[in-house]
Amino acid sequence: MSGIEVITFGCRLNTYESEVMKAQAEEAGLNNAVLVNTCAVTGEAVRQARQAIRRARRDNPHARIIVTGCAAQTEKQTFAAMAEVDAVLGNEEKLASASYRSLPDFGVSAEEKLRVNDIMSVKATAPQMVRHIDGHVRAFIQVQNGCDHRCTFCIIPYGRGNSRSVPMGAVVDQARKLADSGYREIVLTGVDATSYGGDLPGTPTLGLLAKTLLKQIPDIRRLRLSSIDSIEADAHLMDLIAEEPRFMPHLHLSLQHGDDMILKRMKRRHSRADALRFIEDARRLRPGMSFGADMIAGFPTETEEMFGNAVRLAEEAGIAHLHVFPYSPRPGTPAARMPQLDRSLVKDRAARLRAAGHRLYQSHLDGMVGTRQWLLVENNGLAHTENFTLVAADGLRPGELVPATITGHNGRHLDMQLTAAAA
């Protein structure tokens, strides 16, 4: 091979950072290389990364394989010990061109492969300018990194460090460049995005940042948030939901569970009632608002009654896009030391929670039929409505915003007919 190939796992923040990595590696003159940007959120994510590394070596026997991302930060020795890997970069190092200029030669020891610092020592997040997000019609902007919270199941703070925010002016500059490049939709990303601004002068909030972007950059047609912690939602964010049509009517929530005892054992900061209240308030302000949510099935000590509370929360909240994770013990986290459930039971509960999510999605699709929507056409023959529902859009040009009437669905995505104007 020639050039640089990037393999990305995990969140939208990783997608954004992969573009930065590629640009920095090219600036350093790196060639004939595969960069693997890993995720550590589950043991399965780590397994998939190792599998991808082995496959990359088979496909590119003479290329340099450089592994980075959250799993590389938290399990650096694991990846350094792989014969297929030429270098391991930490989450901070992967964003600097100097890291790619100082890579070790082939055949070095596992220790010499490592370029991973103490992520907890990182106190600031430097703005990274990206004009293009390869393969995406929506542009992602990193506004925050790291997390100050310590949920008992989560390894990510040890891969990302403590919370730190990108200054508002730098985010505005990045958003303006992306809008000038033709992107119609921008997505603000972070590890704990709703903690944005707590470390900046004047402590601006995520909602204020979003308001500022929409006010200063009229060319932003659609603005989204990647994921939020609803307990941190600020008044500016609620104003946007109520008053700003360019702020998209879909939020992905970090709920994790629907039972108060399990939420407490997870060390989450919201209760079941808090989550339901936020969703009710948002829908009151913006009828038609849709929600996605992350939920974990089979957390340690979870009884059948507790699991039932999780299912009922998803149903009561009408979560249209439910992302279900079977609990995966991550070494070094408090939850890994709690009494574990049998793996077959964890898988069974995850399947049942996914089935509930499927029913909720079908109901959501039913409710969309007959509505008029603006669609953003993706690269894969599909499009997204403003509330982030998939629509078949064969033959349309990626990146277009088009008006349509929803005519039906096939259980996976909506069908539509183009219209002259949207309601």
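Residues numbered from 1 in each chain as written. Predicted model: local features only at pLDDT ≥ 70, side-chain atom pairs only at ≥ 80, totals over all residues. Heavy atoms only, no water.

The protein chain appears in an unreviewed UniProt entry as Threonylcarbamoyladenosine tRNA methylthiotransferase MtaB from Rhizobium binae. According to the UniProt record, the Cofactor (unreviewed entry) comment for the protein chain is "[4Fe-4S] cluster". (UniProt positions renumbered as here; feature names shortened; annotations may be inferred.)

Colleague: Looking at this structure, how should I read the side chain of Ser-195?
Modeller: Following the sequence through the fold, Ser-195 ends up in the loop between strand S9 (185–189) and helix H9 (206–216). Discounting residues that sit within four places of it in the chain, Ser-195 has contacts with Gln-144, Ser-163, Ser-165 and Glu-232. (Helix = DSSP H or I, 4+ residues; strand = E, 2+ residues; numbered from the N terminus. Contact = heavy atoms within 4.5 Å.)

Colleague: Please explain the sheet that holds S9 as it appears in this structure.
Modeller: The pairing of strands in a sheet happens through backbone hydrogen bonds and is either parallel or antiparallel. Overall, parallel pairing links the 3 strands, which are arranged S6-S9-S10 in an open sheet. Of all strands in the sheet, those with a lone pairing partner are strand S6 (138–142) and strand S10 (222–225), marking the two edges. The mean inter-strand angle of the sheet, taken between neighbouring strand axes irrespective of direction, is 25°. In this sheet, S9 lies alongside S6 in parallel orientation, the contact comprising 5 bridges. Considered in S9, the bridge of Ala-139 is made with Ile-186. This element, H9, spans S9 and S10 of the sheet and lies at about 155° to S9. (Pairing = 2+ DSSP bridges. Axes fitted to C-alpha atoms, helices over the stretch in contact; angles between N-to-C directions.)

Colleague: Sorry if this is basic, but what is going on with the packing of helix H8 (residues 168–180) against H9 here?
Modeller: When two helices pack together, their arrangement is given by the angle between the helix axes and the distance between those axes. Direction vectors running N to C along H8 and H9 enclose 45°, while the axes themselves pass 10 Å from each other. The pairing of H8 with H9 is recorded here as oblique in orientation. At the point where H8 passes H9, the crossing takes the right-handed sense. Residue-level contacts link Met-168, Val-171, Val-172, Ala-175 and Arg-176 of H8 to Leu-208, Leu-209, Thr-212, Leu-213 and Gln-216 of H9. Taken together, the residues of the contact of H8 with H9 break down into 7 nonpolar, 2 polar and 1 charged. (Parallel < 35°, antiparallel > 145°, perpendicular 65-115°, else oblique. Left-handed = near helix turned anticlockwise from the far one by under 90°. Nonpolar A, V, L, I, M, F, W, Y, C, P; charged D, E, K, R; others polar.)

Colleague: Please clarify how the packing of aromatic side chains should be interpreted in this entry.
Modeller: The description of two aromatic rings rests on the distance between their centres and on the angle between their planes. Taken as a whole, this structure holds 1 aromatic pair when the rule is applied. Geometrically, the ring pair formed by Phe-299 and Tyr-327 is edge-to-face, given 5.5 Å between the ring centres and 75° between the ring planes. Separated by 28 residues along the polypeptide, Phe-299 in the loop between strand S12 (290–297) and helix H13 (304–317) and Tyr-327 in the loop between strand S13 (321–326) and helix H14 (343–368) bring together distant segments of the chain. Stacked on the ring of Tyr-158, the Lys or Arg Arg-150 has its end atom at 5.6 Å from the ring centre. (Phe/Tyr/Trp six-rings, centres within 6.5 Å; stacked < 30°, edge-to-face > 60°. Lys NZ or Arg CZ within 6 Å of the ring centre and 35° of its normal.)

Colleague: Looking at this model, I keep getting lost on the pairing of S6. Mind explaining?
Modeller: Every regular strand shows the same layout, with side chains that alternate between the two sheet faces. In terms of burial, S6 is a largely internal element, 5 of the 5 residues being buried. On S6, burial covers both faces: Arg-138, Phe-140 and Gln-142 on one face and Ala-139 and Ile-141 on the other are all buried. (Buried < 20%, exposed > 50% of the residue type's maximum accessible area, 1.4 Å probe, protein only.)

Colleague: How do you make sense of unusual backbone geometry when you look at a structure like this?
Modeller: In terms of backbone geometry, most residues other than glycine have negative phi values and most peptide bonds are trans. In the Ramachandran plot, Thr-301 falls in the positive-phi region, its phi being about 75° despite a non-glycine side chain. A relative accessible area of 23% places Thr-301 in the partly exposed class. Backbone geometry at Phe-388 places phi at a positive 70°, although glycine is not the residue there. With respect to the element layout, Phe-388 can be found in the loop between strand S15 (382–384) and strand S16 (390–392).

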